[in-house]
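If you want the building blocks of each chain, they are given just below.
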Amino acid sequence: ASAAQRTKNVKLLIYGNLLPLHQPLRLAEEIAMLDCLSKGRVICGVARGIPREYHVHNVAMDESRSRFEEAYEILVRAWRDEVFSFQGQYWSYKDVAIWPRPVQQPHPPVWMPVTGSKESIEWAASREIPITPGGSTAGLRSDTVRYYAECLAKHGKTISPEHITMAAVTYVAD
């Protein structure tokens, strides 16, 4: 929220949203609020997380994929639909209408970091969600991007620069 007040043009990427471990409706509302405060400059990053985080929250790691996919559906429906109901394995809602509504419609952009899980790469490509390939070597990142492009092609899409973001360590000083 502070960055939204102090900037006018910069996109605000919130990249640490571990969907399986968040309450998805609350996350949808918080991201929508930031989208309003920034006048439509928020990008929502979604991830599954690592085993340590599941241990801390006492959530079984073998539930991570199904929790992630269910939470993602709730997140997008909360932003997109004026009112929605949802009955899932982990979360259930009836006649929900979030407020405020996000500025960006149908919803803020969603990006996803991937570190090599083929399932995650396939899932992101099936929804045309841009990825940030992780990995410690350029070769691993290149393999991830190549596989993502193949997965996009299976869905009739062609990879473009908008599909890939690269992480860079940056320091900004006054």
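One structure accompanies this document, and this report is about it. (Residues numbered from 1 in each chain as written. Predicted model: local features only at pLDDT ≥ 70, side-chain atom pairs only at ≥ 80, totals over all residues. Heavy atoms only, no water.)

**As for the overall build of the chain**
Here is step 1: Of the regular secondary structure elements, the chain holds six helices and six strands.
Here is step 2: Sequence-ordered secondary structure for the chain, helices as α and strands as β, is α-β-α-β-α-α-β-β-β-α-β-α.
Here is step 3: Taken over the C-alpha atoms alone, the chain extends approximately 45 × 45 × 40 Å along its principal axes.
Here is step 4: Looking at the chain residue by residue over its 174 residues, the buried ones come to 43%.
Here is step 5: A separation of at least 24 residues holds for 61% of the contacts in the chain among residues at least 6 apart in sequence.
Here is step 6: Carbon and sulfur atoms form 54% of the exposed surface of the chain, whose accessible area is close to 10100 Å².
Here is step 7: Separation between the mean location of the 20 positive side-chain charges and that of the 19 negative ones in the chain comes to 4 Å. (Helix = DSSP H or I, 4+ residues; strand = E, 2+ residues; numbered from the N terminus. Buried < 20%, exposed > 50% of the residue type's maximum accessible area, 1.4 Å probe, protein only. Contact = heavy atoms within 4.5 Å. Areas by Shrake-Rupley, 256 points an atom, 1.4 Å probe, with all protein chains shown as cover. Lys, Arg positive; Asp, Glu negative; His and termini not counted. Charge placed at Lys NZ, Arg CZ, Asp CG, Glu CD.)

**Quick look at the state of the cysteines**
Here is step 1: Here the structure, examined in full by the defined rule, presents zero disulfides.
Here is step 2: The cysteine cysteine 36 is free of any disulfide, with cysteine 44 supplying the nearest cysteine sulfur at 14 Å. (Disulfide = S-S within 2.5 Å.)

**Re unusual backbone geometry**
Here is step 1: Following tryptophan 99, the chain continues to proline 100 via a peptide bond in cis, the omega torsion being 5°.
Here is step 2: Looking at the element boundaries, proline 100 is found in the loop between strand 4 (92-96) and strand 5 (110-114).
Here is step 3: Cis geometry is found at the peptide bond from glutamine 105 to proline 106, where omega equals 15°.
Here is step 4: Looking at the element boundaries, proline 106 is found in the loop between strand 4 and strand 5.
Here is step 5: The backbone of lysine 39 sits at a positive phi, close to 60°, despite the residue not being glycine.
Here is step 6: The topology assignment puts lysine 39 in the loop between helix 2 (24-37) and strand 2 (42-47).
Here is step 7: The backbone phi angle of asparagine 58 is positive, close to 55°, even though this residue is not glycine.
Here is step 8: Relative to the assigned elements, asparagine 58 resides in the loop between helix 3 (51-56) and helix 4 (64-80).
Here is step 9: According to the relative accessible area criterion, asparagine 58 is exposed, its value standing at 73%.

**Comments concerning the pattern of salt bridges**
Here is step 1: Under the definition given, this model contains nine salt bridges.
Here is step 2: Residue glutamate 73 is joined to arginine 77 by a salt bridge in which the shortest nitrogen-to-oxygen separation is 3.9 Å. With glutamate 73 and arginine 77 both in helix 4, this residue pair falls four residues apart, about one helical turn.
Here is step 3: Its relative accessible area of 37% is what places glutamate 73 among the partly exposed residues.
Here is step 4: Between arginine 77 and aspartate 81 there is a salt bridge, and its shortest N-O distance comes to 3.4 Å.
Here is step 5: Using a relative accessible area of 18% as the deciding quantity, one classes aspartate 81 as buried. (Salt bridge = Lys/Arg side-chain N within 4 Å of Asp/Glu carboxyl O.)

**Section: the packing of helix 2 against helix 4**
Here is step 1: Packing of helix 2 against helix 4 brings their axes to within 9 Å, and their N-to-C directions diverge by 45°. Classified by the interaxial angle, the pair formed by helix 2 and helix 4 is oblique. As helix 2 runs across helix 4, the sense of the crossing is right-handed. Along its contact with helix 2, which presents Pro24, Leu25, Leu27, Ala28, Ile31 and Ala32, the element helix 4 presents Ala71, Ile74, Leu75, Ala78 and Trp79.
Here is step 2: Residues of the contact of helix 2 with helix 4, tallied by class, amount to 11 nonpolar, no polar and no charged. (Axes fitted to C-alpha atoms, helices over the stretch in contact; angles between N-to-C directions. Parallel < 35°, antiparallel > 145°, perpendicular 65-115°, else oblique. Left-handed = near helix turned anticlockwise from the far one by under 90°. Nonpolar A, V, L, I, M, F, W, Y, C, P; charged D, E, K, R; others polar.)

**Re the nonpolar core**
Here is step 1: Residues Leu19, Val46, Leu75, Trp79, Met112 and Tyr148 are the most contacted members of the largest nonpolar core, which totals 38 residues.
Here is step 2: Elements that contribute at least two residues to this core include exactly helix 2, strand 2, helix 4, strand 3 (84-87), strand 4, strand 5, helix 5 (118-126) and helix 6 (138-154).
Here is step 3: Sort the elements by how many residues they give to this core and helix 4 lands first, with eight residues.
Here is step 4: Ignoring sequence-local partners within four residues, the contact set of leucine 19 consists of Leu27, Val46, Ala47, Phe68, Ala71, Tyr72, Leu75 and Trp91.
Here is step 5: Grouped together as the second largest cluster of nonpolar side chains are five residues, Leu18, Leu21, Ala47 and Val59 included. (Core = buried A, V, L, I, M, F, W, Y, C linked by side-chain atoms within 4.5 Å.)

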